[in-house]
Amino acid sequence: MRRPWRSRLAAAALAVVAVGGLAACGSGESGPPVLTWYTNPDDGGQATIAQKCTAAANGRYSIAVSVLPRESSEQRQQLVRRLAANDTSIDIMSLDPPYIPEYAQAGFLAPIPPDVAARVTEGTVQSAIDGATWDGKLVTVPFWANTQLLWYKKSAAAAAGIDMSQPVTWDQLIQAAEKANTNIAAQGRRAESLTVWFNALISSAGGAVIAQNSTDPTQIQLGLDSPAGQRAAQVMSDFAKSGREGAAFSTAGEDESVAAFEAGTAGWMVNWPFVWSKAKSGVEGGTLQQSVVDDYGWTIYPRVDADKPAAPPYGGINLGVGAFSRHPDLAYEATECITSTQNQKEYFLTNGNPASRSSVFSDPEVLADFPMAPTIEESLQLAAPRPQTPYYSEVSGSIQREYHPPASVSPATGADATALIQAVLSGRQLL
């Protein structure tokens, strides 16, 4: 039986600090190279993988873990500052996909050898490959991949008389929630989760935030004021005014959505797979009844229009090798060990983070713990990365500003957001 997720996180944090301390002490010593892997916080899974891959290296190198701040924006700031100073201690980095083009365009990533690129993309879900690519080249190694599902209560679906085995649209969900007298939990606060939602809507409508990319910020062509952008804005507005969004929708993030779903005030929810691990930990810890979890159902993210497949959100972590690492060849060898099928499987089972390799989702042990694994894989094959641009922070920040609160959004919001992004990218305005 696993410990509750917060207890595991605390224990893992102590273990990772110890490993990071060893890296600092050993960095100037002679002997096999010590590769430093800068990781995002997790339940200790990356530290465990580092130990396993150190053992597998048979003394040719070791891997020390150094933990980055919790927020991805703060992780980016720390790494960019150090890489801009040509920091040679950064060998491997766990990178949030939206920021990968910025690292690549700035020359902060060591080129991936072609043979390595071929091996690490074999059997990998397409969204993870897309998220690891910039300017037509694979620039990072896919590690774990994430996507949002449409979670539902079987009892709510039965009360609404809706068949959740078939694709559903946002409009159909609103109607179903009205029939079942329940809400739909989604993330409407002014934060990165709002960009995630809007990007899924415009992608599902057949469009894109960036219609034509460019490394020159003044030449980027946006798709926000397109028919797809206007349709996405309409869906966002309709949902926010539906009366089925929940009282705190405009300030709700992922955790608030889970709370509403667990409490029964929401019969449907869009959210990441951590929902399942959290629910099982709640049962183990006695804070959630098993009967509540037994009522959980899951399916593919809602469509915008019935005749167009959904393009669910994509997230996760990819591995980058620092351009100034003294040992890029060993670092890339280490990334292949880190992202092996076995390590991806164990990371999924112990930390709840889905794999980027398709074969993991049909593994019997994975299916026993995560019965929604095939749905996650299907979603990852459909998923769309967030806008890929070296100027992601500016684009996302502008979307959050113009599309919040969602109830104020209209089809004309696309033109306003376009004007703001263009002004920011040209240096005429600050966010």
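Rules used throughout
- Here the residue numbering is sequential within each chain, running from 1 through the sequence in written order.
- Totals for whole chains, interfaces and linings use every residue, but because this is a predicted model, local features are given only for residues with pLDDT of at least 70 and side-chain atom pairs only at 80 or more, for both listing and counting.
- Side-chain metrics in this entry use all non-hydrogen atoms of the structure; hydrogen atoms and water are not considered.
- A helix here means a DSSP run of H or I that spans at least four residues, while a strand means a run of E at least two residues long, and both kinds are numbered starting from the N terminus.
- The quantity called the radius of gyration is restricted to C-alpha atoms. Its globule counterpart is 2.2 Å times the number of residues to the power 0.38.
- Any pair of residues with heavy atoms lying within 4.5 Å of one another is described as a contacting pair.
- Per-residue and other accessible areas were derived by the Shrake-Rupley procedure at a 1.4 Å probe size, with only the shown protein chains allowed to occlude residues.
- Only four residue types enter the tally: Lys and Arg on the positive side, Asp and Glu on the negative side; His and the chain ends are excluded.
- Throughout, a charge is located at the NZ atom of Lys, the CZ atom of Arg, the CG atom of Asp or the CD atom of Glu.
- One bridge is not enough; two strands pair if DSSP finds at least two bridges between them.
- What counts as an axis is a line fitted to C-alpha atoms, over the stretch in contact for a helix, and the angles between N-to-C directions run from 0 to 180 degrees.
- Here a cavity denotes grid points, spaced 1 Å and computed from the protein atoms alone, that fit a 1.4 Å probe unable to get out, and a pocket denotes an open set having protein on both sides within 12 Å along at least 5 of 7 lines; residues with an atom within 4 Å of a point are the lining.
- Grid points are joined across faces, edges and corners, and a volume is the space filled by probe spheres set on the points.
- Geometry of aromatic contacts follows a simple scheme: Phe, Tyr and Trp rings, the Trp one being its six-membered ring, pair when their centres are within 6.5 Å, and the pair is stacked under 30 degrees between planes, edge-to-face over 60, tilted otherwise.
- Classification of residues uses two cut-offs on accessible area relative to the type maximum, computed with a 1.4 Å probe and protein chains only: under 20% is buried, over 50% is exposed, and between them is partly exposed.
- Orientation labels follow simple angle bins: below 35 degrees gives roughly parallel, above 145 gives roughly antiparallel, 65 to 115 gives roughly perpendicular, and whatever is left gives oblique.
- Crossing handedness follows the turn of the near helix against the far one: under a right angle anticlockwise gives a left-handed crossing, and clockwise gives a right-handed one.
- Three residue categories are used. Nonpolar comprises Ala, Val, Leu, Ile, Met, Phe, Trp, Tyr, Cys and Pro, charged comprises Asp, Glu, Lys and Arg, and polar comprises the others, including Gly.
- Each helix should span, by expectation, one fewer than its residue count multiplied by 1.5 Å.
- N or O atoms closer than or at 3.5 Å make up a polar contact, with two conditions inside protein: a donor-capable atom paired with an acceptor-capable one, and, for residues adjacent in sequence, both atoms drawn from side chains.
- A residue's pLDDT is simply how confident the predictor is in it, with values from 0 to 100.
- For this analysis, a nonpolar core means a set of buried residues of the types Ala, Val, Leu, Ile, Met, Phe, Trp, Tyr and Cys, connected via side-chain atoms within 4.5 Å.

## Some thoughts on the overall build of the protein
Here is step 1 of the chain: When helices and strands are tallied, the protein shows 19 helices and 13 strands.
Here is step 2 of the chain: Whereas a compact globule of 431 residues would reach a radius of gyration of roughly 22 Å, the protein reaches 22 Å, a difference of no more than 12%.
Here is step 3 of the chain: Considered along the principal axes of its C-alpha atoms, the protein spans approximately 70 × 55 × 35 Å.
Here is step 4 of the chain: Partitioning the intrachain contacts of the protein with sequence separation of at least 6 by distance along the chain shows that 75% fall at a separation of at least 24.
Here is step 5 of the chain: As presented, the protein carries roughly 17,200 Å² of accessible surface, and 50% of it is formed by carbon and sulfur atoms.
Here is step 6 of the chain: Of the side-chain charges in the protein, 30 are positive and 42 negative, and the distance between the mean point of each set is 3 Å.

## Some details on the sheet that holds strand β7 (residues 149-153)
Here is step 1 of the chain: Taken in spatial order, the four strands make up an open sheet running β8-β11-β7-β12, and their pairing is mixed. Pairing within the sheet leaves two strands with one partner each, and these edge strands are β8 (183-185) and β12 (296-299). Put simply, the sheet's adjacent strands are angled 20 degrees from each other on average, direction ignored.
Here is step 2 of the chain: One ladder, built from four bridges, connects β7 with strand β11 (residues 266-271); its direction is antiparallel.

## Here we look at empty space enclosed by the protein
Here is step 1 of the chain: Scanning the entire structure with this criterion turns up three cavities of 30 Å³ or more.
Here is step 2 of the chain: Its volume calculated, the second largest cavity comes out at about 50 Å³.
Here is step 3 of the chain: Lining the second largest cavity, in full, are Pro97, Pro98, Gly131, Tyr314, Pro385, Arg386 and Gln388.

## Re the packing of aromatic side chains
Here is step 1 of the chain: Inspection of the entire model under this criterion finds 17 aromatic pairs.
Here is step 2 of the chain: An angle of 55 degrees between the planes, with centres 5.9 Å apart, marks the rings of Trp170 and Trp197 as tilted. Residue Trp170 is found in helix α8 (residues 170-180), and its partner Trp197 is found in helix α9 (residues 192-204); the two are separated by 27 residues along the sequence. Considered together, Trp170 and Trp197 belong to a single accessibility category, that of buried residues.
Here is step 3 of the chain: Measuring from centroid to centroid gives 5.5 Å for Trp276 and Trp298, while their planes differ by 70 degrees, and the two rings are edge-to-face. With a gap of 22 residues between them, Trp276 in helix α12 (residues 274-285) and Trp298 in strand β12 connect regions that are remote in the sequence.
Here is step 4 of the chain: Among the residues examined, Trp276 registers a relative accessible area of 9% and is labelled buried.
Here is step 5 of the chain: One aromatic cluster is present, built from ring pairs that chain together Trp151, Phe261, Trp276, Tyr296 and Trp298.

## Details of the packing of α9 against helix α10 (residues 227-240)
Here is step 1 of the chain: Where α9 meets α10, the closest approach of the two axes is 8 Å, and the angle between their N-to-C directions is 125 degrees. One element, α9, and the other, α10, form an angle in the oblique class. The handedness of the crossing between α9 and α10 comes out as right-handed. From α9, Leu194, Trp197, Phe198, Leu201 and Ile202 reach across to α10, where they touch Ala228, Gly229, Ala232, Ala233, Val235, Met236 and Phe239.
Here is step 2 of the chain: The residue makeup of the contact of α9 with α10, split by class, is eleven nonpolar, one polar and no charged.

## Brief notes about the sheet that holds strand β6 (residues 141-147)
Here is step 1 of the chain: What the five strands build is an open sheet, ordered β2-β1-β3-β13-β6; its pairing is mixed. In this open sheet, the two edge strands, each paired with only one partner strand, are β2 (62-67) and β6. Pairs of neighbouring strands in the sheet enclose a mean axial angle of 15 degrees, with direction left out of account.

## Remarks on the layout of surface pockets
Here is step 1 of the chain: Roughly 1,600 Å³ of volume is contained in the largest pocket.
Here is step 2 of the chain: What lines the largest pocket is a set of 45 residues, among which Arg70, Trp144, Asn146, Glu254 and Trp272 lie closest to the centre.
Here is step 3 of the chain: Going through the elements one at a time, α1 (5-26), α3 (72-84), β6, α9, α11 (254-263), α12, β13 (314-321) and α18 (392-402) are the ones with two or more residues in the lining of the largest pocket.

## Digging into α9
Here is step 1 of the chain: Relative to the 18 Å expected for 13 residues at 1.5 Å per residue, α9 spans 18 Å between its end C-alpha atoms, a close match to the ideal helical length.
Here is step 2 of the chain: The element α9 is largely enclosed, with a buried count of twelve among its 13 residues.
Here is step 3 of the chain: Residues of α9 that are buried include every one of Ser193, Leu194, Thr195, Val196, Trp197, Phe198, Asn199, Ala200, Leu201, Ile202, Ser203 and Ser204, and no others.
Here is step 4 of the chain: Buried positions along α9 lie against α8, α10, α11 and α18.

## As for the side chain of Thr339
Here is step 1 of the chain: Within the fold, Thr339 resides in the loop between α14 (328-338) and α15 (341-351).
Here is step 2 of the chain: Among the residues examined, Thr339 registers a relative accessible area of 0% and is labelled buried.
Here is step 3 of the chain: A polar contact of 2.8 Å, which involves the side chain of Thr339, links it to the backbone oxygen of Thr335.
Here is step 4 of the chain: Every residue in contact with Thr339, bar those within four places of it in the chain, is listed here: Val141, Pro142, Phe143, Leu319, Gln344 and Arg357.

## Topic: the confidence of the model for the protein
Here is step 1 of the chain: When the pLDDT values of the protein are averaged, the result is 93; 93% of them are 70 or greater.
Here is step 2 of the chain: The low-confidence segment residues 1-27, where pLDDT is below 50, has 34 contacts with residues more than four positions distant or belonging to other chains.

## Topic: the nonpolar core
Here is step 1 of the chain: Trp197, Phe198, Trp268 and Tyr403 are the most contacted members of the largest nonpolar core, which has 48 residues in total.
Here is step 2 of the chain: Counting residues per element, the ones that place at least two in this core are β7, α7 (154-160), α8, α9, α10, β11, α18 and α19 (413-425).
Here is step 3 of the chain: Broken down by element, this core gets its largest block of residues, seven residues, from α10.

## Quick look at α19
Here is step 1 of the chain: A rise of 1.5 Å per residue sets the reference length of α19, with its 13 residues, at 18 Å; its end C-alpha atoms lie 18 Å apart and thus fit the reference within 8%.
Here is step 2 of the chain: Three or more residues of α19 are buried, namely Thr413, Gly414, Ala417, Thr418, Leu420, Ile421, Ala423, Val424 and Leu425.
Here is step 3 of the chain: Just downstream of α19 lies Gly427, where phi reads positive at about 85 degrees.

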